[in-house]
Structure formats: C-alpha cells, structure tokens
Amino acid sequence: MAATAESVLKPDFQAKRRHFIFTDEHEQLRESIGSFVTKELAPHAEEWEETTFPDSVIHRMGELGFLGLDKPESLGGQGGDYYTSLVLAEEMAKAGSGGLAMGVAVHTDMAMPPIIAFGSEEQKQEWAVPAIKGEKILCLGITEPDAGSDVAGIKTRAVRDGDDYVINGSKTYITNGHRADVIVLVTKTDVDAGYDGFTLFLVPMDAPGVIREKKLQKLGMHASDTALLAFQDVRVPASAVLGQVGKGFYHIMWELQGERLIGAAGCVAGAQRCFERTLEYAHERKAFGREIGSFQVIRHKFAEMATKIEATRQMTYVTAWRFNNGEYPVREISMAKLQAARVGVEVADECIQIHGGAGYMREYGIERAWRDMRLHRIGAGTDEIMLEVIGRSYGL
Amino acid sequence: MIDPPFTPEHEELRSSIRGFIARELAPHAHSWEQEEWFPDEVFAKLADQGLLGLKYPLQYGGQGGDYLHDAVLIEELARIGSGGTAAGIGAHVNIATPPIWKFGTDQQKERYLAPAIRGEKIGALAITEPGAGSDVAALRTRAEQVDGGWLVNGEKTYITNGVRAHFIVTAVKTTQEGGHHGISFMIIERGEGVSSSKLQKLGWQASDTATISFQDVFVAEENLLGELHEGFALIMANFQWERLAMALGASGAMQMAWERTAEFARERKAFGRPLSGHQAIRHKLVDLATSAHTCRCVTYDALRRFVAGEEPLREVTMAKLLTQRACFELMDDCLQIHGGAGYMREYWVERAARDARLGPIGGGSDEIMREILGRVLAL
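All values reported here derive from a predicted model rather than from experimental measurement.

1. Considerations on the overall build of chain A
Here is step 1: Looking only at helices and strands, chain A features 13 helices and 10 strands.
Here is step 2: Relative to the globule expectation of 21 Å for 396 residues, the C-alpha radius of gyration of chain A, 22 Å, shows essentially globular dimensions.
Here is step 3: Taken along its principal axes, the extent of the C-alpha atoms in chain A is 90 × 45 × 40 Å.
Here is step 4: Taken across its 396 residues, chain A has 52% of its residues classed as buried.

2. Points about the packing of helix 4 (residues 67-77) of chain B against helix 5 (residues 83-96) of chain B
All names here are of chain B.
Here is step 1: At a minimum axis separation of 10 Å, helix 4 and helix 5 run at an interaxial angle of 165°. Relative to helix 5, the element helix 4 is oriented roughly antiparallel. The handedness of the crossing between helix 4 and helix 5 comes out as left-handed. Taking contact as the criterion, the partners of Asp70, Ile74 and Leu77 in helix 4 are, on helix 5, Ala86, Ile89, Gly90 and Val93.
Here is step 2: Counted by class, the contact of helix 4 with helix 5 contains 5 nonpolar, 1 polar and 1 charged residues.

3. Here's the deal with the confidence of the model for chain A
Here is step 1: For chain A, per-residue confidence averages 93 on the pLDDT scale, and residues scoring 70 or more make up 96% of the total.
Here is step 2: In the predicted structure, residues 1-8 of chain A sits below a pLDDT of 50 and forms 12 contacts with residues beyond four places in sequence or in another chain.

4. What about the interface of chain B and chain A?
Here is step 1: Listed as interface residues are 36 residues of chain B and, on the opposing side, 40 residues of chain A.
Here is step 2: Broken down by secondary-structure element, the contributors of at least two residues to the side of chain B that touches chain A are helix 8 (231-267), helix 9 (279-307), helix 10 (313-338) and helix 13 (366-376) of chain B.
Here is step 3: Counting residues per element, the side of chain B that touches chain A draws most heavily on helix 9 of chain B, which supplies 12 residues.
Here is step 4: For the side of chain B that touches chain A, a count of residues per class yields 19 nonpolar, 9 polar and 8 charged.

5. Quick look at the nonpolar core
Here is step 1: In terms of nonpolar packing, the biggest core is built from 244 residues, with Val184, Phe201 and Val203 of chain A together with Met186 and Met331 of chain B touching the most fellow members.
Here is step 2: With 17 residues, the single largest contributor to this core is helix 8 of chain B.
Here is step 3: Sequence-distant contacts of Met186 of chain B, defined by excluding residues within four places in its chain, comprise Ala143, Trp150, Val152, Thr170, Val172, Val219, Asn223, Leu224 and Leu225 of chain B.

Parameters and conventions
Here the residue numbering is sequential within each chain, running from 1 through the sequence in written order. Whichever chain is written first is A, and whichever ligand is written first is 1; the rest continue in order. The model is predicted, so local features are restricted to residues of pLDDT at least 70 and side-chain atom pairs to those at 80 or more, both for listing and for counting; the totals for chains, interfaces and linings are taken over all residues. The numbering of helices and of strands both runs from the N terminus, where a helix is a DSSP run of H or I of at least 4 residues and a strand a run of E of at least 2. Only C-alpha atoms enter the radius of gyration; for comparison, a globular chain is expected to reach 2.2 Å times N to the power 0.38, where N is the number of residues. In this scheme every C-beta is placed from the backbone, and a residue whose C-beta has 20 or more other C-beta atoms within 10 Å is buried, one with 12 or fewer is exposed, and one in between is partly exposed. Axis lines are fitted to C-alpha atoms, over the contacting stretch for helices. Their N-to-C directions set the angle, which ranges from 0 to 180 degrees. Should an angle fall under 35 degrees it is taken as roughly parallel, and over 145 as roughly antiparallel, whereas 65 to 115 is taken as roughly perpendicular and any remaining angle as oblique. Less than a right angle of anticlockwise turn of the near helix away from the far helix marks a crossing as left-handed, whereas a clockwise turn marks it as right-handed. Contacts here follow a simple rule: the backbone-placed C-beta atoms of the two residues must lie within 7 Å. Three residue categories are used. Nonpolar comprises Ala, Val, Leu, Ile, Met, Phe, Trp, Tyr, Cys and Pro, charged comprises Asp, Glu, Lys and Arg, and polar comprises the others, including Gly. Along the chain, pLDDT gives the predictor's confidence residue by residue, from 0 to 100. Here, a nonpolar core denotes buried Ala, Val, Leu, Ile, Met, Phe, Trp, Tyr and Cys residues that are linked to one another through C-beta atoms within 7 Å.

Shown next as structure tokens:
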C-alpha cells in the first residue's frame, strides 16, 4: 500500500486541544454553561430579536450561579479566577444572539466590577449581592449625546448640596438602560479639575428625575435594550458616591480594561460560531455538482478564517493570563480588543459571502451575526481609540 | 512577564545570542549581501558559541538543550539583518542536520552531525527539483542499486547552502512507482559527479541558493539515511519544525523591523513634527505592532504544543500561513514609512522586504498551507 500523508503522520486533531490557562474545572464549567445556553437560550434567540430578551434570563442565570463566577464568595459569587468569566463570555456566544450576550456582559463584566472593586460594604450588599443572585439588574452610563470616545467631554454634572448630590445631564446608548435597577453613572463633579474632576455614582433607576427617554433602534444587537436617559435634578445621598470623589475617570478606565478583554473573548467565540455554522453549510450546499466546500477558493477562505480566529484567540488567552497574574496589560488588551473586533466582522462578512443569497436572508442568522458583530468595532472604545491607546503606550 | 513557553534561562540565552550577533554578524550584513555570499567561517564562529548544537545531545558535541533553545536562536537570527545569512545558518541547523539526528545511525551521526555541530562541515537539505516543488510525489532524481551502494542521477534546485555544503541530505526515488512511496534519503558528500550552480534571486542575496546536479554519483550503502523507500516519513517528520522555525524567524524579524521603524518615525521630522506625531503614521505603526503581537501569540502556541509532544499540524500550519504573509506586509509598510530612504539600498528596509517575500513561498507555499488546513477541516 502506498504511504500517504495520512498513514505516515497521524496528527491528533482533537486531543490535548486545551490551552494552558484552562483546567478540568474550567472545562466542566464550560460544559455546564454551554448546555444551559444551548437548551434554554438559543431556542429563543429569534423571538428575542423582536422583543428583547426577558429579565427572567438574568434571574435564571443568577440561580445557576453564572453571574458571579469570578466574584468573591463573601458576596455570593463562586470565587473563581478571571478565566471563568472568559468561559462565560465564550459560551454565551452559542446563544447566537449578540444582544443577549451583551446585556449579560454589561451586568457581570462592566457594571459589577467597579461596585466590587470600589464600593463600600453597604453598596456591595445593596447592589452586588442581589446582582449576583440575578435579582437586580445593572447598567453603566458613560457615553453622552455629545461625548463618546472623548470621555473628558462628559457634561453630566453632580453638584454637592448639603449631604446630597444633585445630578443633571443625559446618557445615551445605555445597554440594559430600560430594564436596569441601578446605573453606575459617570459624572463631572469638578469642571475645572480635568481628569481629576470625575466621580462615579450608584443611582437607583427609580429615583425621581431619572427619565428613560426612548428605546433606540439599531443596526444589530436587537435582543438588547438600548436607552437614552435623562437625569433631571436627581437627588442622591453622598453615600451613593462609588469609589473616591474625583477619581471616577481612573475608576472607569480600569473598568474598561476588563470589559475590553471580555469583549475580545466574545468576538472570538462569535466568529468561531459563525465559522462552524458556515462550515456545516459548505458541506451540505451543492453547486456545479459538488459541495461548495470542496472548491479550492472556498476551502482556502475557511483556512484563512480559521487561522485568523485562532491567532486572535491566542492573543486573548495570553493577555488573560497576564491579567490573571496581576499585570495590567493595557497595550495587549487594546490589541486583543482591536484585533478581535476586526476579525469578528471580517469573518461574519466572509460567512455571508460563502452563504451567497442565503447569507443575505434573515432566516439563516448569518446576516444577524454580522450586524451584531459590527458593534464591536465601535463599542467599548472604537478601533481608532484602541489605535491611539496602543500608540501612546509606545510613546508615539 | 516572560511569555510561555520561555523561562528566564531562555531569556539569558537570548541576550547572549543578541550580543554575539550585534558584535560578530550584523556589522557585516551589508557587505555580505553586496558580495552575495557570507563566509563559511560564520559557521565556525557560531560553533564556538555552541549555537549550532543547542538541541543536540552532548555526546555529539551539542549543548543537550531542546527545541526551545533553537527557537530563541531562530528568533534572534533575524537581527543579523541579512535574510540570506540567517537562511544559510537555518538550513544547516533546522533542516539539514535534524534528519541525521533523528534517523541516522551512530556512525552517520559521528561522521556528519558531530562535525556539523563543530561548524566544520556544512549541510544542506535537497528535496525540491525543477519539476517537483510543493508536489513531493513528483520527484524524479533516482538512485539505482549497484554493488555496495547506489548511483544517483538527477537535479535538485533552490537548495540553500547548495554551493558551500559539504554534505547534502538528498531525497531520491528508489523505486519506479509513483506517489509518496519509494522515496529514500541519502547523505551525499560533495565529490565526483556533484556540481552546483548558484541562482540569482529577488532577496536572500547572501545565501548561496543553488541548483545541484548529480551525474552517476556513487553513494555508499552506509549513507542511506533512515529506511529504504520510507523517505516520505522523514520529509514529514521535519516539516513541522521547519515551518515552526519559519514562523519564529518571521516573528523575530517583525519585532526587529518594528522597533527600527518606530525609532525612525520618532526621529524623522515632517511638517514640523516627528512622523509619529501624524495620526496616519501612528496608527499604521500600531497596526503593525498588533500584527507582530498576533503572530507571536499564534507561533508561541504552536511552539508550546510542539515542545509538549503534540502533533500540532493545525497550529503549525496556521502559524506558518499567518506569519509569512504578515511579515512581508509589515516590511512593505515599514518601507513605506521610511519613504524615499526606504527605497534605497543603504537602509536595511528594502532588503528586509525582499527577504520577507520568500516566506509565503518557501517551506510550503501559502496555497499549500491552506490546502492542509482545508483537509484538517475535512473540506
């Protein structure tokens, strides 16, 4: 028998696939989240595109312990390492609903970390504990109608008045803005102090003067509710200050690092899901008498996509490894975020192309993947802001 | 923190190699490129430092290290600033000697591997032929059994170290049948019937890439390397390391080119400020840094798995595919940032771009890498 590549070299495609940052426990967790997502979330993805996902998803995930994977046990969390939240972000992609994944991530990885890191014991008990249980929902307010990437341009004012603060201003593009019980709000407390003039507040969304103005319509992420909010003479006690007065800018910059890395992991997983579904399609769909995947041009498209996804995954994992080991690797996080968002969008677009006309149709879900993914090049810091951050890190 | 799989020991080795290259090799890069030849004594100098046998056993004069030590060397060789010189060294260390180490008899190791580690004998690996490149099954160089050995006839081409090599690890057909079966390897010493002619190239100028022709070359029985007719296994065995080495080389070259270009952009003024003060240039540099970082991450993952004894065909193929194209693109962008200076031979960058262009072709072309990945994906 002639020796062939297959009979001489037997690479093991399946075994030992696990990356060194993960352990058996992570894999068990992955399995348990994955099966929950597949059974309880994915079947509703299409319906939720029309209605946005129900609050009961957060309640259920709280019951299952998925909202506090890397949060301290003293607050009801699971006390896991940073990688557990990476696993959650990756597995959530299996729902096939970018908006749902984003809504949960805003709760667990964007709004919750600053409460746990900077909050008083009372604040943690009041907000973090029920948030981990899934009984209260969180949102985060940074962007304003006139200040997006340029955080320094934020105008929402909090003015001291006796024992209270009075807040006026508006926030926009706020994920979970309609369903949230509380907002981590970025305000200006000292207009002359530049970056040292920002303060974070925990503002209950039912406080008088908090107005949920409208649900915003979007290109994608339809399962998520996105709000324009107004704050009119909202009065909160000084105990609502989160962290230190005047340190809000630095608190939020810290928060953004975790958010961006989790976002990168989500993009990689989203791209992977798109890739797998398209691979399946390429095996089934026939053209000119054979499976389209067997055409060299299509096969090479898959090879390119797989390579880009894998490289980006490696970047994300190695950066997470640094983060978990106590480094604060802003440059690498920004690179991972930039790369993952770009690759996610490119892969989704290429998957539409491979699907042809079907890719353009709503029923296949591929066009939705592209619409959802497209946000990542803008949200949590645009590509252009990432490039600036990385450039500055080199002294450029 | 040091990226896994490397440890402080590897970083020490790295800084010592870096110092050696800066002192002994890099200053000559320009003239070697102009002369289209680097001197053989480069091998002796490397051997003095123990760098030709990092991964080889002590008993043959090696350092008793492993692939990770070679990985450090390969990354650092980019700092010679002459792709051709790095290629000549790489061909000796990464592709010509490993098959002898893995498949050779004790006697073959004494005769070829040990002097190769000492820098006394230079090796080359010869597989490609004028009529068979990526398609290894189409090889035509044949070995006919004669009394006490074989008579080899045929032609090999694009052979790095092809002029200077003292021994050539050569793939030959030992049966008439086609396909992968019936390929054998022989260690052929330069001598009667072996003639080389040097090829002119786009880049890698300092390397003596050659066509080698074999006319009735007698090869003694004891110079058969590995099993008769089973040479394809030998080819496949080293492909992974060769490709991983290429990925590491590209990753090292990208790092170096980026550092130099960023320095240039900080110093060079245009419109009253440094080039890097212009947003378009700054963002281009950041894209390049991100690309270099991505390439390093995917390459190190493949390296970790390779060293751990997995057969990471998928990861190595991806690393090779991604890095070679990315390296060339990065060099081209570095050239662009240098402007007119980038086009001039006196700067390093036009050479780096020419040298990098081989990456997507050598060691299995991009198209072959995509075919392999397609198979891995069952397409």
